[in-house]
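# Fold and contact review
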Amino acid sequence: MKKNRRTFLKKSALAGMAMAASPSLTWALGKDTVIGHGDFTYKVLPEWGRLDSSRTPVLNCHEMVMDQKGRMILLTDEVRNNIIIYDQGGKLLETWTLDLPAAHGLSLVNEGGEEMLWIVDNGGRVVKTDLKGRIISEIPNPLTQGIYQEGMRYTPTETAVAPNGDLYIADGYGSQYFLQYNHNGEFIRKFGGDGHGDEQFKTAHGICIETRKGKTPSLICTSRVHNSFKRFSMEGQYLETVFLPGAFVCRPVIHGDHLYSGVCWSRSKYLEPMDNSGFVTILDASDKVVSNPGGTAPVYQDGLLQLMVQDQPIFKHCHDVCLDQDDNLYVCQWNAGKTYPIKLVRV
């Protein structure tokens with residue numbers, strides 16, 4: 001009996017080591033794994049989008065959008081293919097590159113019936129392209145325009161475009177400001193900045209426009225280290241904070257009446273962010289968390305959301321989510337062993 005127990009423990013330890021060494025923990029869980037809570041549960045498709053890495057490699061799969069043809073457009077920081085375009089079955093359609101070594105943010109905008117991409121590189125470039133990769137325009141570095149003073153860091157991470165064409169840039173790895181420009185690329189204002197005040201940010205990583213029915217248009221801005229989304233008026237006035245304890249959220253994504261976000265890290269019981277601890281979080285129109293695929297079920301006590309952490313080792317570091325017309329999720333990851341996006345089919 002002792003020998004059998006030792007054999008069992010040895011095999012269990014080897015299995016655990018194999019999972020830790022795997023490019024993605026998901027492969028060890030099987031294709032019938034279902035995650036999530038309440039009405040938002042999903043079947044995991046770990047092999048969706050896997051390509052020949054010798055021909056179409058990725059480093060980090062940073063963000064994804066869906067165009068009006070239903071194609072899934074992925075942004076990577078691999079200079080051989082900054083853009084990878086899939087069909088919804090995971091088949092490769094095409095690739096192109098702008099030779100951006102730190103490509104990070106991707107937004108899709110419809111301009112008079114023609115779709116354009118805003119691509120952000122952490123090296124300081126914010127460019128608009130067509131869907132074939134032709135550069136249409138570029139926003140100058142704020143240091144060259146007197147918007148930032150000498151010595152201020154500019155490391156943009158994300159963009160969002162308002163219905164009137166105004167462009168908002170998140171300087172999430174730089175000076176923690178959000179910069180607003182009109183549709184001609186003329187600077188209007190900046191708001192935020194580094195700090196712990198309600199109107200300030202720690203890792204101002206992402207931004208989206210509040211478009212849900214019945215809600216006043218506003219800006220939902222990420223403050224990742226604060227485990228929160230902060231809502232601002234379209235003119236940059238602070239309105240409120242949505243606190244998500246334990247969740248180091250990336251950009252907010254609006255789909256229907258819900259807000260979705262990848263969680264890059266979650267906290268341990270000692271309140272430190274832990275590597276390989278990501279999950280996805282979903283909020284309803286009242287900003288209440290209703291599901292955490294890959295994470296613990298959301299719990300409210302006396303109206304306050306309790307600590308949320310990774311519950312299942314599905315993901316490493318979730319950086320973005322994209323949704324299709326059937327409410328399926330496509331999860332992009334940073335620092336996940338050069339793996340491709342994971343598809344979650346809603347059940």
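Provided above is the structure to which this section pertains.
An account of the accompanying structure is given in this report. (Residues numbered from 1 in each chain as written. Predicted model: local features only at pLDDT ≥ 70, side-chain atom pairs only at ≥ 80, totals over all residues. Heavy atoms only, no water.)

## Describing the overall build of the protein
Going by this rule: A run of H or I in DSSP counts as a helix once it spans at least four residues, and a run of E counts as a strand once it spans at least two, with each numbered from the N terminus. The globule rule used here is 2.2 Å times the number of residues to the 0.38 power, and the radius of gyration it is set against is calculated over C-alpha atoms. Remark: exposure states derive from per-residue accessible area (1.4 Å probe, protein chains only) relative to the maximum for the residue type, with buried under 20%, exposed over 50%, and partly exposed in between. As used throughout, the charge tally considers Lys and Arg to be positive and Asp and Glu to be negative, leaving His and the chain termini uncounted. Charged groups are reduced to one reference atom each: NZ for lysine, CZ for arginine, CG for aspartic acid, CD for glutamic acid.
For the protein, the helix and strand inventory stands at 1 helix and 29 strands. A compact globule built from 347 residues would reach a C-alpha radius of gyration of about 20 Å, and the protein, at 20 Å, matches this within 12%. Dimensions of the protein, computed from C-alpha atoms along their principal axes, come out at roughly 75 × 50 × 40 Å. Classification of the 347 residues of the protein by burial places 55% in the buried group. Averaged over its 36 positive side-chain charges, the protein has a centre that lies 11 Å from the centre of its 39 negative ones.

## Quick notes on the nonpolar core
So the rule is basically this: What we call a nonpolar core is a set of buried Ala, Val, Leu, Ile, Met, Phe, Trp, Tyr and Cys residues that are connected through their side-chain atoms within 4.5 Å. Throughout, a contact is declared for two residues whenever any of their heavy atoms are within 4.5 Å.
The biggest cluster of nonpolar side chains holds 17 residues, and the ones touching the most others in it are Tyr260, Val280, Phe315, Leu329 and Leu344. Put simply, the parts of the chain that give this core at least two residues each are strand 2 (40-45), strand 23 (279-283), strand 27 (318-323), strand 28 (329-333) and strand 29 (342-346). Setting aside chain neighbours within four positions, we find Tyr260 in contact with Phe40, Tyr42, Arg251, Pro252, Val253, His255, Thr281, Ile282, Val321, Leu323 and Leu329. In this structure, Cys208, Ile220, Leu244 and Val289 belong to the second largest nonpolar core, which totals 15 residues.

## Some details on the pairing of strand 10 (residues 135-139)
Looking along a regular strand, one sees side chains alternate from face to face of the sheet. Using the following cut-off: DSSP bridges decide pairing: two strands pair if at least two such bridges lie between them.
Pairing geometry for strand 9 (residues 125-130) and strand 10, over 4 bridges, is antiparallel. Counted as the bridge partner of Val127 is Glu138 from strand 10. Hairpin remark: strand 9 followed by strand 10, antiparallel, with 4 residues in the connecting loop; positive phi at Gly133, about 95 degrees.

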